[in-house]
Amino acid sequence: MRHDHIISAKQLSRADIEEVLDHAAAIAADPGAYADRHADTLLGMLFFEPSTRTKMSFTTAMKRLGGDIVDMGSVESSSVKKGESLADTVRVVEGYADALVLRHPMEGSAKMASEFVDVPLVNAGDGAGQHPTQTLLDLYTIRENAGFDDLTIGIMGDLKYGRTVHSLAHALTNVDARQHFVSPESLQLPRSVRYDLHQEGAEVREHTELDEILPELDVLYVTRIQRERFPDESEYREVAGQYQIDSETLAAAKDDLTVMHPLPRVDEIAHDVDDTDHAKYFQQAHNGVPVRMALLDLMLGGEPE
Amino acid sequence: MTDDDQQLRVSKIRNGTVIDHITGGQALNVLAILGIDGTSGESVSVAMNMPSDRLGKKDIVKVEGKELSQNEVDVLSLIAPAASINIVRDYEVIEKHRVERPSVVEGVLECPNHNCITTEDEPVQSRFAVVEDGVRCEYCDTIIRDNLPAHILAD
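Residues numbered from 1 in each chain as written. Chains lettered and ligands numbered in written order. Predicted model: local features only at pLDDT ≥ 70, side-chain atom pairs only at ≥ 80, totals over all residues.

## Things to note about the domain arrangement of chain A
Residue and element names in this part refer to chain A. This is how the line gets drawn: Residue ranges assigned to the domains are those given by an automatic or database domain assignment. Runs of E in the DSSP output that reach at least two residues are strands. Runs of H or I that reach at least four are helices, and both are numbered from the N terminus. Gly counts as polar in this scheme, as do all residues outside two lists: the nonpolar Ala, Val, Leu, Ile, Met, Phe, Trp, Tyr, Cys and Pro, and the charged Asp, Glu, Lys and Arg.
Taken domain by domain, chain A consists of domain 1 (9-130 + 288-299) and domain 2 (133-285). Between the C-alpha centres of domain 1 and domain 2 there is a distance of 25 Å. For the side of domain 1 that touches domain 2, the secondary structure elements donating two or more residues are α1 (14-29), β4 (121-126) and α10 (288-299). Ranked by the residues each element gives to the side of domain 1 that touches domain 2, the list is headed by α1, at five residues. Tallied by class, the residues present in the side of domain 1 that touches domain 2 amount to 11 nonpolar, five polar and four charged.

Here is the structure:
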């Protein structure tokens, strides 16, 4: 990997993606072989927003490589509460750690922070911006289940504010994929993402109803529509209800459709889907560990086997 | 009738800047970029929609006692890519050059995305890449296509 910092999925080439995914597959096949790889390495965790999966899987990944983490803790208990700037916080913490993981509620925060530090910095979500490590584990899951050739993927839910969607859509321009975007009109892709997809010559279609394309899909990537995106509760319920799936909905899908979700879900995927062969979202979440181990190993100077 | 004949209709200035070949209809936006609203007393002449061989229609702005900063020229080039800037001293044009479209404008425009880190109290300047049909925030990716002068940072 040529990148010091991982800020956006846009910076990842097909070769970068394959390198991380191949390395992750090697790690997943024999995790014990990597157990002491980064003894004495400390990963600085700067989470300005709540996180369960991303934070825990980065922690697990660093520990499984033999290293450890130093954690800023919650914003409430840190000096940020006293008004410290992000630029100052990262400059202080880079003195404690060998690499940094940052989640922050504002777009562009990871890019700005990376300009102030010399240690590698990973964007673990910047507002409605990007979430490139989620994308790598999403791609790993897609490659495992559906492959990257002649792929038809539907991405559904909150496409406007969903950073996992923005990162994934960019990254999919590197593979042979047709992307279908399914959302209410008010939550369609932002202009900047459309612009990039257009520039990349990506094959993109937008829909307001899943029925229109469900039977064609190899992968359905579902995201959560958040209550706070709507002016009132009734409008939210009406709209969100149209983008929920259950095992009955999936009767119209291909037998080998892969259903993914970055989690947490609320009610957009009914629990009766969990028992079907379509459900890959827990596997997807578990893949976060080998993928983040691979990324950290490559960033911290490990060579692929 | 030539361009020069047209320019004579507006009185000459002694010291200052003449911005010629502004895209027709953009003169008031050029004044906005320069922060000129007439209240500070400088003498300003504006000619709009004058015939032009090169542009069809062009605007001209003459401002007494003002020379442009690089930032002002950069933003100007985005709304008037064919503009030429004439610096006048003692009624003579001592320097004349065309604006060049920059690849990046830094510290001039404010990102319209209120959730962009550059709008916070951080030690960072706004930075926009100039793209095909507008500018794009290099931090949050927001694209501005229309009404650039409205996004000029207040001093």
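Here the narrative resumes.
## Some thoughts on the UniProt feature "binding site: carbamoyl phosphate" (unreviewed entry) in chain A
Residues and elements named next belong to chain A. What counts, and what does not: UniProt positions are given in the numbering used here, feature names are shortened, and annotations may be inferred rather than shown by experiment. Two residues qualify as a contact pair if the distance between their C-beta atoms, derived from the backbone, is within 7 Å.
According to UniProt, the positions carrying the feature "binding site: carbamoyl phosphate" (unreviewed entry) are Arg53, Thr54, Arg103, His131, Gln134, Leu263 and Pro264. Apart from the residues lying within four places of it in its own chain, the contact partners of arginine 53 are Leu263, Ala285 and Gly288. Mapped onto the secondary structure, proline 264 falls in the loop between β9 (258-260) and α9 (281-286).

## Regarding unusual backbone geometry
Heads up, the rule is: The burial label depends on the number of other C-beta atoms within 10 Å of a residue's C-beta. Counts of 20 or more mean buried, 12 or fewer mean exposed, and intermediate counts mean partly exposed, with C-beta atoms placed from the backbone.
Omega for the bond connecting Leu263(A) with Pro264(A) falls within 30 degrees of zero, at 5°, which places this linkage in the cis form. Backbone geometry at His21(B) places phi at a positive 55°, although glycine is not the residue there. Within the secondary structure, His21(B) sits in strand β1 (residues 16-23). The class for His21(B) is buried, based on 21 C-beta atoms found within 10 Å.

## What about the interface of chain B and chain A?
If you look at the interface, chain B gives 16 residues, while chain A gives 14 residues. Class assignment of the residues belonging to the side of chain B that touches chain A gives a composition of seven nonpolar, four polar and five charged.

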